[in-house]
Structures are given as structure tokens and as C-alpha cells.
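Analysis of the macromolecular model
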Amino acid sequence: MEETVRKIMEPILSVENLSVHFSDKPVLQDVSLSLWPGEITVIVGPSGSGKSTLLRAVNRLNELYPHCRTSGSVRLRIHGESGDVYRGFMALSELRQRVGMVFQTPAVFPFSIQKNLTLPLQVYLGVNGSTLTERMEEILRDVGLWEEVKDRLRDDATTLSGGQQQRLCIARMLALKPAVLLLDEPTASLDFKSAARIEKLLLNLKRRYGILAVSHSLAQTRRIADRVCVLREGRIVQELDHEHLRDPDAFQTIIDVAF
Amino acid sequence: MKRVSDRIVTGAAWLSGGGLMLAAAVVIGFLILRGYKNLDLALLFGDTPWQAAIMGERPVFGGIWPAFMGTFYLVFLSSAMAIPIGIASGIYLAEYASRRLRSLLGFFVDLLAGTPSIVMGLFGFTAILFLRKTLLPEAQTCLFLAAACIALLVLPYVIRITETSIEAIPEPLRLLGYSVGFTRWRNLRSVLLPLASRGMLSGAILAVGRASEDTAVILLTGVVAHAGIPGSMFDKFEALPFRIYYLAAEYRNLGELDQGFATSLVLLCISGTLFLIAVCLQKSAEMRWKRR
């Protein structure tokens, strides 16, 4: 049934025959995958298999590193229109707003908590005055951070705990009204409790956004993933769905073989 | 064993820091000791009533007011030329220039930084000679020429410090703005410049300090012992460091020498005040950048 629904719906993101080279060294080769709204797709694989490069290829962040060459296509569907982001579908800055990214280590701006959110809101959406404050509160409530920071909004964001910083980063990403979220091991540097909070948050968010995540933890992958792509040496060697994820032992065996 | 070496290094560090403070204290203490007696309105304005001198109603003879104003104009003019150009060049080198161009331009910046100030003075002097023979027979050494040569002298410091303070921002932070969709200019304005502002301030302070103390350049480009307050940028001018040099070299009695020490104190106060203003400006800018 689910498969049928998915076939009728168009994917929000489809990566086709994507290859990325750094200084002529292939990092990703011929990768294809699709992302549907309401689903979390998790990429797993040994380190150096190209997981982060795959995420950064979607929002074209790879281009900031020297000697990067990308071929293939990344098609995005927004408000019913779709196009290849490598062929001028939208401006680079708009692409990076629409495809938000969260990194392994929480990357807050070294400004106040408030400014971390208001800066992108002012820059892109031209929000000002009381609307700005309302919008900020709304987003902070969304990620469950409002109660913790409401009395210290002008404090430096770097004084927050790792888990709080990561939720602030997610909030900043959501402030820009994205369509797709890219999460690069978002809980890798966090303690168990903070990681659990973020996982819960992601399960809530998947109803509204397409989520492509990289995870280092197979247990976490089983908890949050709707689909899993196994990446090895720059190629997708296996795709798994709910069926495979249900039985932990079977999942472990598949992963062991794939790695 | 480790403990002993640790202690030695710690001790040496304390000693160096302490030595630095001691040296500064001795110099300033000596200046105060020799100069404080002469620190009065007469030092600044001579026999002229101070209100009339400040308003420019009557010229000042015997006081250092014209030199005070000359140095102020010189520092202001040369900073106004060097700081914006230096910061802009530093930003270009750190953010926009290709690797090859960066090392090429960097070489020229270092070359400029290594130019002795007397050479820069000679350059200004020769430039005027050239202008007199060609385009501007009326041209003479003046405040504007001195300020331009001083600006050239301090420019490399401002460029280098701006460049290194932007490059010192860790890579994840440099790229963070792009990941939320900032354009290069927006990333520079909203993230990189605020983070580099403290370093850029040091560059500006160094420029101001250097501009206020240099004697060799102005000696050849327009300073004179008695010129009064310059009426325009194209007049000759007086300056505090030259006044100090002049008093120290040609004093007729001990009273004049002590006047030189008092003048040094005044120069120190000007630099100190300018530093303080720069620090306050940077602090308030940082608050504005970070909080709101």
C-alpha cells in the first residue's frame, strides 16, 4: 500500500547518476536515490565512503572546497515546480535556504542566541520588529528550546550545551522555511539524552520536510529511518526499507555483509 | 623533570611579561618626572589666551598648539587614507584573490612593509620635485604629501593584520554562512568581519601609533619648525615628534629640554586617546554585531 502511495507521489528530491571528484579522485560514483516527504532516509557506511560528500552535493556546498567536480543531476521539487539544481533551477543562496543542513559538530554563529535566528530571518525573509520576535519564539518552541533559553536570549550561543546548540542549529535551519533537511550525523557529538531529544524532534519534523540524514549508529538508524541506503567506496551498494529494518538481527546481518 | 622545565618556562614567561611592563613604566615614569612641571596651558598656547588660540583668533607663538594640531591633522588624514584601503585590500587578499595572486601581492605588501621610513620620505620628496618639473610647477612639500607618504608607510600593517585576522577564523565558521545560503558579501559582512574586527582594530591602532610618531617621513615632506596651524592640506605644518626632535637637538637651556619631555607626554596622551577611541568604537560595534 505504502509503495503504491509512494509511486503516485513525486519525490521531493531525486539524485541521478551523481559523481563527485576531488582533484580527479572519485569520491562518489553514479549515485542515485530519491527522497519523499514524510520519510527519513538514512545513509550509512564506513568512514570515507562519501556520506558527507553526498549531503553536500545536494546543497552544492562541495563547491566551496577546491578542485571539486560534480556530474549527474540533483532534482528538487518545490511548490509543484521541479528542476536540476546544477542546471540553474534556482540561485545558490535560495537553494541553501530550501535545503537546510545541520553538521556533526553544532555550528552556531558565535553571536547571541537571538541573533543566530534573527540574522537569517532578517536577511532572507525581511522580517522585522514584533513579527521577528514572534517568529523566533515560534521556532524555538518548535525545537523545544524556548523554555530553556527564553531568559537568556542575549547570551552568547556558544554558552549553550552541545544538545541545545544543535537544536538551535535545527531551529535556524527551520527559520528559513526549507523543503529538505540534510543532517550530517547530527547526534554524533551529543550525550545519550540530548541525542534522544533530537531523534524525537526529527520524527516530528519528518511530517513536514523531506529528511536525508547520515548516521553512525545502526541502533539510531533503526529507530528513525524509513529507508536506508548503504554507501561503500562512493557507491550505493544496498537499499533497505521497513521490511528489513523490523528485525534487528536480520538488519545487522545485511549491514555486516554490506560493510 | 617535567616539573622543573615547566617552572623554568613559566618563570621566563612571567619575567618577560614583567620586564615589558617595567620597561614601559620606566619610560613613562621618566617622561612624567622630567616633563610634568612644564605640563600647563603655557606649554600648549605660550602667551596666547587659550580660548583665542583654540578658536583660531590669534596665532600661537612659543606653544606647541600648532604642532599638536599638525599631528592631529596628519594622523587623521593618513589614517583616513590607509585604514579603509588597507582593510579593503586585506579583505580582498583573504577572501577574493586566487592563491597565485595572493602570494604575488603578498610579496609586494611585505616589500612595502620593509621599506625604511626615510626612504618613504625621499620618495615623497622626489615625487614633489618631479611634479614641479612637469605638471605642477607650484607644488611644494605639504601636509597632504606627508599624510600620503605616511599612509603608504602604515598601509602594509593594516593589510596584513586584516588578512591574517580573517584567515584565522576557523574553516567551519568561515563556511557556515554559506551553508545557510549567505552570499559571499553577506557572509563577509555578517560573519567574517564581526569575527575579525578585533584583529582589524589592532591594525588600525598600529597605523595610528606609527603615523603619530614618525619623524623621518615628514622631515622630507613638509614639516617645519614654525609654520602655525596649516590653513589647508597644501600648507606646510608643524608636528609633535618633529618638535620633540628639534627641542632635543637644539635646546638652548634645560628649560627647553624639559619642554621637550612635556611635549613627549602630550604626544603619548594623543596616541593613548586615539587608541582608547578605537577600542571603544570596536567594542560598541562588536556588541551591536553580536547581540541584535
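Residues numbered from 1 in each chain as written. Chains lettered and ligands numbered in written order. Predicted model: local features only at pLDDT ≥ 70, side-chain atom pairs only at ≥ 80, totals over all residues.

This part takes up the overall build of chain A. When helices and strands are counted, chain A shows 11 helices and 10 strands. Projecting the C-alpha coordinates of chain A onto the three principal axes gives extents of approximately 50 × 40 × 40 Å. A separation of at least 24 residues holds for 68% of the contacts in chain A among residues at least 6 apart in sequence. (Helix = DSSP H or I, 4+ residues; strand = E, 2+ residues; numbered from the N terminus. Contact = placed C-beta atoms within 7 Å.)

Along the backbone of chain B there are 12 helices and 0 strands. For chain B, the succession of helices and strands along the chain, N to C, is α-α-α-α-α-α-α-α-α-α-α-α. Across its three principal axes, chain B shows a C-alpha extent of roughly 65 × 65 × 40 Å. Taking all 292 residues of chain B together, 38% fall into the buried category. Long-range pairs, those at least 24 residues apart, make up 74% of the contacts in chain B between residues at least 6 apart in sequence. (Buried ≥ 20, exposed ≤ 12 C-beta atoms within 10 Å, placed from the backbone.)

Glancing now at the pairing of strand β5 (residues 81–84) of chain A. Residue and element names in this part refer to chain A. Two strands pair when backbone bridges link them, and strand β4 (residues 68–78) and β5 are joined in this way by 4 bridges, in the antiparallel orientation. Bridge pairing in β5 places L76 opposite G83. Between β4 and β5, which pair antiparallel and follow one another directly, the connecting turn spans 2 residues, one of which, H79, has a positive phi of 50°. (Pairing = 2+ DSSP bridges.)

Moving on, we get to the sheet that holds β4 of chain A. All names here are of chain A. Taken in spatial order, the 4 strands line up as β2-β1-β4-β5 in an open sheet, and their pairing is antiparallel. At either margin of the open sheet sits one strand with a lone partner, and together these are β2 (25–35) and β5. If you compare each strand with its neighbour and ignore which way they point, the axes differ by 10° on average. The pairing of strand β1 (residues 13–22) with β4 spans 8 bridges and is antiparallel. The residue bridging E16 from the neighbouring strand is S73, located in β4. Packing of helix α2 (residues 51–58) onto the sheet brings it into contact with β1, β2 and β4, and relative to β2 it is tilted by some 65°. (Axes fitted to C-alpha atoms, helices over the stretch in contact; angles between N-to-C directions.)

Next up on the list: the confidence of the model for chain B. Model confidence for chain B is summarised by a mean pLDDT of 88, while 99% of its residues fall at 70 or above. Two numbers describe this predicted complex: its pTM, 0.78, and its ipTM, 0.81. (pLDDT = per-residue confidence, 0-100.)

It is worth spelling out the domain arrangement of chain B at this point. Residue and element names in this part refer to chain B. Along its sequence, chain B is organised into domain 1 (1–38) and domain 2 (39–291). If you average the C-alpha positions of domain 1 and of domain 2, the two centres end up 28 Å apart. With 7 residues of domain 1 at the contact, the number on the domain 2 side is 10 residues. (Domains from an automatic or database assignment.)

With that settled, the discussion passes to the interface of chain B and chain A. At the interface, 16 residues of chain B touch 20 residues of chain A. The set of elements that each furnish at least two residues to the side of chain B that touches chain A consists of α8 (171–179), α9 (184–213) and α12 (254–291) of chain B. Looking at which element gives the most residues to the side of chain B that touches chain A, the answer is α8 of chain B, with 5 residues. Its residues assigned to classes, the side of chain B that touches chain A comprises 8 nonpolar, 4 polar and 4 charged. (Nonpolar A, V, L, I, M, F, W, Y, C, P; charged D, E, K, R; others polar.)

Here helix α7 (residues 162–175) of chain A is 14 residues long and its end C-alpha atoms lie 20 Å apart, about the 20 Å a rise of 1.5 Å per residue gives. With respect to burial, α7 of chain A is a largely interior element, 13 of its 14 residues being buried. (Expected span 1.5 Å × (residues − 1).)

Nonpolar side chains in soluble globular proteins tend to end up buried together. Counting 142 residues, the largest nonpolar core has A171 of chain A together with A146, I150, V154 and V158 of chain B as the members making the most contacts within it. Of all the elements, helix α7 (residues 143–167) of chain B adds the most residues to this core, at 17 residues. Non-local contacts of V158 of chain B, meaning those with residues more than four positions away in its chain, are made with A82, I83, G86, I87, G90, G203, A204 and A207 of chain B. (Core = buried A, V, L, I, M, F, W, Y, C linked by C-beta atoms within 7 Å.)

Residue and element names in this part refer to chain A. Across the 6 residues of strand β9 (residues 227–232), 5 count as buried, placing the element largely inside the fold. Of the strand pairs in this sheet, β9 and strand β10 (residues 235–240) are connected by 5 bridges, and their pairing is antiparallel. The residue bridging C229 from the neighbouring strand is E239, located in β10. Taken together, β9 and the strand that follows it, β10, pair antiparallel across an intervening segment of 2 residues, in which E233 is found at a positive phi of about 45°.

Right, let's talk about the packing of helix α4 (residues 65–96) of chain B against α9 of chain B for a bit. Residue and element names in this part refer to chain B. At their nearest, the axes of α4 and α9 sit 9 Å apart, and the two run at 140° to each other. In the crossing of α4 with α9, the sense of the turn from one axis to the other is right-handed. Where α4 abuts α9, its residues T71, L74, V75, S78, S79, A82, I83, G86, I87, I91 and E95 lie against L188, M200, G203, A204, A207, V208, A211 and S212. A breakdown of the residues in the contact of α4 with α9 according to their chemical character gives 12 nonpolar, 6 polar and 1 charged. (Left-handed = near helix turned anticlockwise from the far one by under 90°.)

Glycine aside, a negative phi is what most residues show, and trans is what most peptide bonds show. Residue and element names in this part refer to chain A. Despite not being glycine, R60 has its phi angle at roughly 55°, a positive value. With respect to the helices and strands, the residue R60 is situated in the loop between α2 and β4. The backbone of H79 sits at a positive phi, close to 50°, despite the residue not being glycine. With respect to the helices and strands, the residue H79 is situated in the loop between β4 and β5.

Residue and element names in this part refer to chain A. Strands sit in the order β6-β7-β8-β3-β9-β10 across an open sheet of 6 strands; the sheet is mixed. In this open sheet, the two edge strands, each paired with only one partner strand, are β6 (99–102) and β10. With direction set aside, neighbouring strand axes in the sheet form an average angle of 20°. Where strand β3 (residues 40–44) lies against strand β8 (residues 210–214), 4 bridges are found, and the strand directions are parallel.

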